[in-house]
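What follows is the residue order along each chain.
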Amino acid sequence: MALPARAPTPPEAPSPTWQIGVEVDLATALALSRAATRALLELSPLAHREITAALEHEIDVLERQSDPLSLAAANAVRQYLPEAA
């Protein structure tokens, strides 16, 4: 078996353009999610109750995962929950 002439180079860090694109995509997804939730909350008392229950369920799922990112997401959703209640 022949050895490679040189060691493989580590992958390059993402370009700033790529990082900005990801941040814009994330901000867009979050804004659309908030808008959709607000719209659903306004539909009816039943929709309001169901959205609130779904948010509480998501918080529980995220907290059970116990990793730092999931816990941060659970806290962010929890902050939105009073607005829904």
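Residues numbered from 1 in each chain as written. Predicted model: local features only at pLDDT ≥ 70, side-chain atom pairs only at ≥ 80, totals over all residues. Heavy atoms only, no water.

Asker: Is there a simple way to explain the overall build of the protein in this structure?
Answerer: When helices and strands are counted, the protein shows three helices and zero strands. Secondary structure elements of the protein occur, N-terminal to C-terminal, as α-α-α. Across the 85 residues in the protein, those meeting the buried criterion constitute 15%. Here the analysis covers contacts within the protein between residues at least 6 apart in sequence; of these, 45% occur between residues at least 24 apart. Accessible surface, the protein: about 6900 Å² in total, of which carbon and sulfur atoms supply 65%. (Helix = DSSP H or I, 4+ residues; strand = E, 2+ residues; numbered from the N terminus. Buried < 20%, exposed > 50% of the residue type's maximum accessible area, 1.4 Å probe, protein only. Contact = heavy atoms within 4.5 Å. Areas by Shrake-Rupley, 256 points an atom, 1.4 Å probe, with all protein chains shown as cover.)

Asker: Looking at this model, I keep getting lost on the nonpolar core. Mind explaining?
Answerer: Nonpolar side chains in soluble globular proteins tend to be buried together. Counting residues in each nonpolar core, the largest one holds eight residues, listed as L41, I51, L55, I59, L62, A74, Y80 and L81. L81 has contacts with T52, L55, E56 and I59, leaving out every residue within four places of it along the chain. (Core = buried A, V, L, I, M, F, W, Y, C linked by side-chain atoms within 4.5 Å.)

Asker: Which parts of the structure should I look at to understand the packing of helix α1 (residues 16-43) against helix α2 (residues 45-65)?
Answerer: Each pair of packed helices gets described by two things: the angle between the helix axes and the distance between those axes. Where α1 contacts α2, the axes come no closer than 5 Å and their chain directions differ by 135°. One finds that α1 runs oblique with respect to α2. Only A47, H48 and I51 of α2 make contact with α1, whose side of the interface consists of T37, L40, L41 and L43. Broken down by class, the residue content of the contact of α1 with α2 amounts to five nonpolar, two polar and no charged. (Axes fitted to C-alpha atoms, helices over the stretch in contact; angles between N-to-C directions. Parallel < 35°, antiparallel > 145°, perpendicular 65-115°, else oblique. Nonpolar A, V, L, I, M, F, W, Y, C, P; charged D, E, K, R; others polar.)

Asker: Sorry, what's going on with the pattern of salt bridges here?
Answerer: Between side chains of opposite charge, pairing is possible as soon as their charged atoms come close. Counted under the stated rule, the structure contains one salt bridge. Note that E63 is salt-bridged to R78, the shortest N-O span being 2.1 Å. Here the residue E63 occupies a position in helix α2, and R78 occupies one in helix α3 (residues 68-84), the gap between them amounting to 15 residues. By relative accessible area, which is 32% here, E63 ends up partly exposed. Given the relative accessible area of 33%, R78 is considered partly exposed. (Salt bridge = Lys/Arg side-chain N within 4 Å of Asp/Glu carboxyl O.)

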